[in-house]
Amino acid sequence: MAAADYARVDWWGVELDGVTFSRCRFDDAGLEELVTRRCVFDECVLTGVRMGGSRHLGTAFLSCRFDRARLFDTTLDGCKLTGSHFLGASLRPLTAVDCDWSWTSLRGADLSAQQLSGQRFREADLTDADLRGADLSGADLERARLQNAKLRGADLRGASTDEVDWRSFELTGVHLDALQAVQVARAHGARVDG
């Protein structure tokens, strides 16, 4: 379905399988308890959408806008969210497993205490995000922007952190592995001799 307008639609509890939406609008839609399987939302606008209790399995949200969306208790399993924007979105609590968040804008997002291990955040914008206590172990954070992110208690062990600017955020209480500790030391001008 291309360029259709689903603003304020009420799809509570609807199940969708293999449906593609391209450049569609879902402004202020009620998508609570919605279940999607292998669906594609391409360049869709989901501003103000209510997705509480919804489950998305192998679904792709590509370059979508989730401004002010409420994803309370939403499950994302094997989903692709590349290039999507989550300005002012409510993302807690959220269950995300094996998802690709590459090139997303999560500026200022509250992802504190979330389980995000092993997921892809390559080149994601996490500026000012609240990641306190988040489990990002084994995540792909290559070239992610973490300026002013709150990371106290976050677990970054085993995360791919190439080209992360270690000077752009506070590291107090952050769990790092030995390789990351060396990267931090070098970023702060230390000479590390092996």
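Provided above is the structure to which this section pertains.
Here the structure is a predicted model, which is why all the values come from computation and not from measurement. (Residues numbered from 1 in each chain as written. Predicted model: local features only at pLDDT ≥ 70, side-chain atom pairs only at ≥ 80, totals over all residues. Heavy atoms only, no water.)

Q: Is there a simple way to explain the sheet that holds strand β8 (residues 94-97) in this structure?
A: Hydrogen bonding along the main chain pairs the strands of a sheet, whether they run parallel or antiparallel. Strand order in the open sheet formed by five strands is β1-β3-β5-β7-β8, and the pairing between neighbours is parallel. The open sheet is flanked by β1 (15-17) and β8, the only strands paired with a single partner. For this sheet, the mean angle separating the axes of adjacent strands, direction not counted, is 5°. With three bridges joining them, β1 and strand β3 (residues 35-37) adopt parallel strand pairing. From the neighbouring strand, glutamate 15 faces β3, where its bridge partner is valine 35. (Pairing = 2+ DSSP bridges. Helix = DSSP H or I, 4+ residues; strand = E, 2+ residues; numbered from the N terminus. Axes fitted to C-alpha atoms, helices over the stretch in contact; angles between N-to-C directions.)

Q: Is there a simple way to explain the packing of aromatic side chains in this structure?
A: Between two aromatic rings, the relevant description is the distance of the centres plus the angle of the planes. For the structure on display, the rule yields 14 aromatic pairs. With a centroid separation of 5.9 Å and 70° between ring planes, the pair formed by tryptophan 11 and phenylalanine 26 is classed as edge-to-face. On the criterion of sequence distance, the pair formed by tryptophan 11 in the segment before β1 and phenylalanine 26 in the loop between β2 (20-22) and β3 is long-range, its members being 15 residues apart. Both rings, one in tryptophan 101 and one in phenylalanine 121, keep their centres 5.9 Å apart while their planes meet at 5°; by these two values the pair is stacked. One end of the pair, tryptophan 101, is in the loop between β8 and α1 (178-187); the other, phenylalanine 121, is in the loop between β8 and α1, and 20 residues separate them in sequence. (Phe/Tyr/Trp six-rings, centres within 6.5 Å; stacked < 30°, edge-to-face > 60°.)

Q: I'm lost on the sheet that holds strand β6 (residues 60-62) in this one. Help?
A: Strand order in the open sheet formed by three strands is β2-β4-β6, with parallel pairing between adjacent strands. Each edge of the open sheet is held by one strand with a lone partner, namely β2 and β6. Each strand axis lies, on average, 5° off the axis of its neighbour in the sheet, ignoring direction. Relative to β6, strand β4 (residues 40-42) runs parallel, the two sharing three bridges. In the strand pairing of β6, valine 40 is matched with alanine 60.

Read these as spatial facts, not as claims about activity.
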